[in-house]
Amino acid sequence: MDLFAPIKPYREGFLKVSPLHTIHFEECGNPRGKPLVFLHGGPGGGTDAIYPRYFDPRQWRIVLFDQRGCGKSLPFAELRKNTTWDLVADIERLREHLGISRWVVFGGSWGSSLALAYSQTHPRSCKGIILRGIFLLRDKELSWMYQEGANYIFPDAWEKFLKPIPPRQRGNLIRAYYRRLTSPNAKIRLEAARAWSIWEGAISKLRQDEGLIAHFGEDRFAEALARIECHYFIHKSFRKTEDQLLDGVKKIRKIPGVIVQGRYDMCCPMISAWDLHRAWPEAKLVVVPDAGHSMTEPGIRSELMKAAERFRRL
Ligand code: STX
């Protein structure tokens, strides 16, 4: 299934969500269409022009926003007052600001974690939940990606990830990176940000994509993504317990849900989609047999577009 044509927002704006933070949002498609909120990944990834193209613009009112500190939101790469629960509150504030009573929530990767956190906090605002590349904020998922796991598959890319960190600090890479990413020295910060972000780009697709890796290495993109991710991950994404998002499923069981997962996702391995499916059997699990993590992988793209088409009729 091909994406819909490139689209320009019909409305764009800024919403001040705290004394410190202002978030950028936009709306695409049909102002009288079914409302959907798109939760991007990272955290810190920002909105990409490709995101609204998964949804039929005649049928949907597509709301996108840049989470605190990234994309066009201000201040850029700011870590203060930037937690999962701040983002959950921002989503609800944005919904009210736009006069939407209930919307479909769409999120992949970190966006899936945020979609679960949001829907479990505000179930009555959610008409449906479309998730992709499941990430449940658990220690084993962080350890897989940033300590031991994915490096067994990508030892070549891992060497580059290790490079900015002296050997004696490699026992806790998230901590070692956090120190550099919050350094007052811009050169140290940027070197760390690029290495952190390039690692993620290198493991995001079934087949490595040099264009994607180069994009992840761009200074501005890398600085927001790496700083914000590392800040969230060193704080265990501000979760209350290890299994908070699985235990919280009881609050969203009755909301229609779909889980799209690439079998060879090296960023968010399928164990989490499976655990979520076990906890939430009412949601439909779709495993794409020949895909990794990225939402641009052909099989993932088709399944997400099919899911959106089914959810349009809810
Ligand atoms: N982060 C996984 C995630 O949420 C550990 C993610 N992966 N890639 C992205 O987000 C972007 C493409 C949004 C940068």
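Read on for an overview of the structure. (Residues numbered from 1 in each chain as written. Predicted model: local features only at pLDDT ≥ 70, side-chain atom pairs only at ≥ 80, totals over all residues. Heavy atoms only, no water.)

### Description of the overall build of the protein
When helices and strands are tallied, the protein shows 11 helices and 8 strands. The C-alpha atoms of the protein give 18 Å as radius of gyration, which agrees with the globular expectation for 314 residues (20 Å, within 12%). Among the 314 residues that make up the protein, the fraction classed as buried is 59%. The contacts of the protein with a sequence gap of at least 6 include a subset with a gap of at least 24, amounting to 73%. Counting only carbon and sulfur atoms, one obtains 53% of the accessible surface of the protein, whose full area is about 13,500 Å². Side chains of the protein give 49 positive and 35 negative charges; the mean places of these two sets differ by 4 Å. (Helix = DSSP H or I, 4+ residues; strand = E, 2+ residues; numbered from the N terminus. Rg over C-alpha atoms; globule rule 2.2 N^0.38 Å. Buried < 20%, exposed > 50% of the residue type's maximum accessible area, 1.4 Å probe, protein only. Contact = heavy atoms within 4.5 Å. Areas by Shrake-Rupley, 256 points an atom, 1.4 Å probe, with all protein chains shown as cover. Lys, Arg positive; Asp, Glu negative; His and termini not counted. Charge placed at Lys NZ, Arg CZ, Asp CG, Glu CD.)

### Here we look at the sheet that holds strand E4 (residues 60–65)
The strand order E1-E2-E4-E3-E5-E6-E7-E8 describes an open sheet built from 8 strands, whose pairing is mixed. One side of each edge strand has no neighbouring strand; the edge strands of this open sheet are strand E1 (11–16) and strand E8 (284–288). When strand polarity is set aside, the average angle formed by the axes of neighbouring strands in this sheet is 20°. Sheet topology note: the strand E5 (residues 103–109)/strand E6 (residues 126–134) ladder contains 7 bridges and is parallel. Pairing of Phe 106 across the sheet is with Ile 130, part of E6. Relative to the sheet, helix H11 (residues 298–311) contacts strand E3 (34–39), E4, E5, E6, strand E7 (257–262) and E8, its axis offset from that of E7 by approximately 175°. (Pairing = 2+ DSSP bridges. Axes fitted to C-alpha atoms, helices over the stretch in contact; angles between N-to-C directions.)

### Section: the site of the ligand
With respect to spatial proximity, 14 residues lie near the ligand, and among them Gly 42, Ser 109, Trp 110, Glu 200 and Glu 229 are the closest. One of the backbone N or O atoms of Trp 110 is found 2.8 Å from an oxygen atom in the ligand. A distance of 3.1 Å separates a nitrogen atom of the ligand from a polar side-chain atom of Glu 229. When the ligand is considered free in solution it has 380 Å² of accessible area, and contact with the protein chains removes 88% of it. Among the elements of the structure, helix H3 (139–146) and helix H8 (219–234) are those that each provide at least two residues to the shell around the ligand. (Near = heavy atom within 4 Å. Polar contact = N/O pair within 3.5 Å; in protein donor to acceptor, adjacent residues only side chain to side chain.)

### A closer look at the side chain of Arg 61
Note that Arg 61 resides in strand E4. Reaching out from Arg 61, the side chain makes a polar contact with the side chain of Glu 27 at a distance of 2.7 Å. Separated by 3.2 Å, the side chain of Arg 61 and the backbone oxygen of Leu 98 make a polar contact. The contacts of Arg 61, once residues within four sequence positions are left out, are Tyr 10, Glu 27, Cys 28, Asn 30, Pro 31, Gly 33, Lys 34, Pro 35, Leu 36, Leu 98 and Ile 100.

### Digging into the nonpolar core
By size, the foremost hydrophobic cluster in this structure holds 76 residues, and its most contacted members are Tyr 146, Tyr 177, Trp 196, Trp 199, Leu 276 and Trp 280. Ranked by residue count, the leading element in this core is H8, at 7 residues. Inspection of this core shows a minimum of three residues originating in each of domain 1 (11–139 + 238–312) and domain 2 (141–236). Excluding residues that lie within four positions of it along the chain, Tyr 146 makes contacts with Trp 158, Phe 161, Leu 173, Ile 174, Trp 196, Trp 199, Glu 200, Glu 229 and Phe 233. Judged by nonpolar contacts, the second largest core, of 25 residues, contains Ile 62, Phe 106, Met 295 and Leu 304. (Core = buried A, V, L, I, M, F, W, Y, C linked by side-chain atoms within 4.5 Å. Domains from an automatic or database assignment.)

### Section: the pairing of E6
With respect to burial, E6 is a largely interior element, 8 of its 9 residues being buried. In the classification by handedness, the crossover that spans E5, the intervening helix H2 (residues 110–121) and the parallel E6 is right-handed. As paired elements, E6 and E7 share 4 bridges and run parallel to each other. In the strand pairing of E7, Leu 131 is matched with Ile 259. (Right-handed = clockwise from strand over helix to strand, strands pointing away.)

### With respect to the packing of helix H5 (residues 173–181) against helix H6 (residues 186–202)
Two packed helices can be described by the angle between their axes and the distance between those axes. Closest axis-to-axis distance for the H5/H6 pair is 8 Å, and the angle between their directions is 140°. With respect to H6, the element H5 is oriented oblique. Contacts between H5 and H6 involve Ile 174, Tyr 177, Arg 180 and Leu 181 on the former and, on the latter, Ile 188, Arg 189, Ala 192, Ala 193, Ala 195 and Trp 196. Looking at the contact of H5 with H6, its residues break down into 8 nonpolar, no polar and 2 charged. (Parallel < 35°, antiparallel > 145°, perpendicular 65-115°, else oblique. Nonpolar A, V, L, I, M, F, W, Y, C, P; charged D, E, K, R; others polar.)

### Some points on the pattern of salt bridges
For the structure on display, the rule yields 22 salt bridges. One salt bridge in this structure joins Arg 189 and Glu 223, with 3.0 Å as the shortest N-O distance. On the criterion of sequence distance, the pair formed by Arg 189 in helix H6 and Glu 223 in helix H8 is long-range, its members being 34 residues apart. One connected set of salt bridges, linked through shared partners, spans Arg 68, Asp 86, Asp 90 and Arg 93. (Salt bridge = Lys/Arg side-chain N within 4 Å of Asp/Glu carboxyl O.)

### Considerations on the environment of Leu 64
The residue Leu 64 is located in strand E4 in this model. Between the C-alpha atoms of Leu 64 and Phe 25, which are 39 residues apart in sequence, the distance is 5.6 Å. Those residues in contact with Leu 64, other than ones at most four positions away along the chain, are His 24, Phe 25, Glu 26, Cys 28, Phe 38, Thr 47, Tyr 51 and Pro 52.

### A few points about helix H1 (residues 84–97)
If you check H1, its first and last C-alpha atoms are 20 Å apart, about what 14 residues at 1.5 Å a residue would give, namely 20 Å. Taken together, the buried positions of H1 are Thr 84, Leu 87, Val 88, Asp 90, Ile 91, Glu 92, Leu 94 and Arg 95. Once H1 ends, the next one or two residues include Gly 99, with phi positive near 65°. (Expected span 1.5 Å × (residues − 1).)

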